[in-house]
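# Chains, contacts and geometry: an overview
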2 protein chains.
Amino acid sequence: MTEMKFAIAGESRNATHLDVDAGRHRVVVDEPIELGGNKSAPNPFEYILAGYAGCLNAVGHIVAREMGITLHKLSIEMSGTLNSNRFLGRSFEERAGFQGIEVDLQVYSDSDSEVLARWLEVVETRCPIYDNLVNPTPVKLNVYKLESVYY
Amino acid sequence: MTEMKFAIAGESRNATHLDVDAGRHRVVVDEPIELGGNKSAPNPFEYILAGYAGCLNAVGHIVAREMGITLHKLSIEMSGTLNSNRFLGRSFEERAGFQGIEVDLQVYSDSDSEVLARWLEVVETRCPIYDNLVNPTPVKLNVYKLESVYY
């Protein structure tokens, strides 16, 4: 296992609600009331943070095992701030996305703080989602107009 | 509404399973069998793609409304490829994360293809998650060692 491919397929139900098939799992995306949604599900930003946190958990445990660190407990709090002006079309002065993301990992471990600091450094260099956030990634978008009487 | 903050809090249940609270919603992250998980939930990569797709749906509808485009139907397929060597610790030659992401939007609309191509260009410049994928974002990680007899 070296090259891996992950794929999803989404169907728009309305202007904020997307039903996503991820393998045999369903992921529902919606927006909060203040962004025009029905708050029926987490919103896109929350899924980005949740996915990144899940990645830190997985890579964190891989690296801990390699370093002989036991993680008795691991909690991950994460927040991101952004300016809504661009995506709402009000101003183009600021970037559209998160301007910064802050992550606090709380660890219960027998290892001392210096070892845990080194552990975090290694986790950073190996966490795929961290890489995709702090470094540019090529994204190619295509749009296809479908002709059909079935909508 | 200009500055917005989004936050999540996750608790590790095991080396691949993270339970995440996102406001009043729960997001469960796991890994497939081949990555050591129990395939009980979507994995981190699928959540990144699902969140990005949900963002394209929301911004897509905002921009369509502004341009007078009716989206009778919108489907979003997305895939990302990566090399697992770095996060598994086998080699450090390749980047850890997605090497590229490809997105296909299928639209049923009365608007012609040139208008839809222009729509997609505007969506790109305003989609927050697109911005975070194609441009660098500052991420700050902190680790705290907690002392407790309660684990």
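Our structure is the block above this text.
A brief structural summary. Quick caveat, the model's predicted, so the values are computed rather than measured.

It is worth spelling out the interface of chain A and chain B at this point. In this assembly, 102 residues from chain A lie in contact with 102 residues from chain B. Considering every element that reaches the side of chain A that touches chain B, the biggest residue donor is helix H1 (residues 44-67) of chain A, with 18 residues. Looking at the side of chain A that touches chain B residue by residue, the class counts come to 56 nonpolar, 28 polar and 18 charged. Direction of pairing for strand S6 (residues 139-145) of chain A relative to strand S5 (residues 100-109) of chain B: parallel, over a ladder of 7 bridges. Within S5(B), the residue paired with Val139(A) across the bridge is Ile101(B).

This part takes up unusual backbone geometry. Here the phi dihedral of Lys39(A) falls at roughly 45°; this positive angle occurs in a residue that is not glycine. Here Lys39(A) lies in the loop between strand S3 (25-29) and H1.

Pairing analysis gives 9 bridges linking strand S1 (residues 3-12) of chain A to strand S4 (residues 71-83) of chain B, with the strands arranged antiparallel. Across the sheet, the residue bridging to Phe6(A) is Gly80(B), located in S4(B).

Attention now moves to helix H2 (residues 113-126) of chain A. Owing to its 3.6 residues per turn, the α-helix aligns residues three or four sequence positions apart on the same side. The terminal C-alpha atoms of H2(A) lie 20 Å apart, and with 14 residues this matches the ideal 20 Å at 1.5 Å per residue to within 8%. When H2(A) is considered as a whole, its buried residues turn out to be Leu116(A), Trp119(A), Val123(A) and Arg126(A). Within H2(A), the buried residues cover an arc of 85° as seen down the axis, which keeps them to one side. In H2(A), the exposed positions angled more than 90 degrees off the buried face are occupied by Ser113(A), Glu114(A) and Ala117(A). Where H2(A) is buried, its residues touch H1 and strand S5 (100-109) of chain A together with strand S6 (139-145) of chain B.

Conventions adopted
Residues numbered from 1 in each chain as written. Chains lettered and ligands numbered in written order. Predicted model: local features only at pLDDT ≥ 70, side-chain atom pairs only at ≥ 80, totals over all residues. Contact = placed C-beta atoms within 7 Å. Helix = DSSP H or I, 4+ residues; strand = E, 2+ residues; numbered from the N terminus. Nonpolar A, V, L, I, M, F, W, Y, C, P; charged D, E, K, R; others polar. Pairing = 2+ DSSP bridges. Expected span 1.5 Å × (residues − 1). Buried ≥ 20, exposed ≤ 12 C-beta atoms within 10 Å, placed from the backbone. Arc of directions from axis to C-beta.

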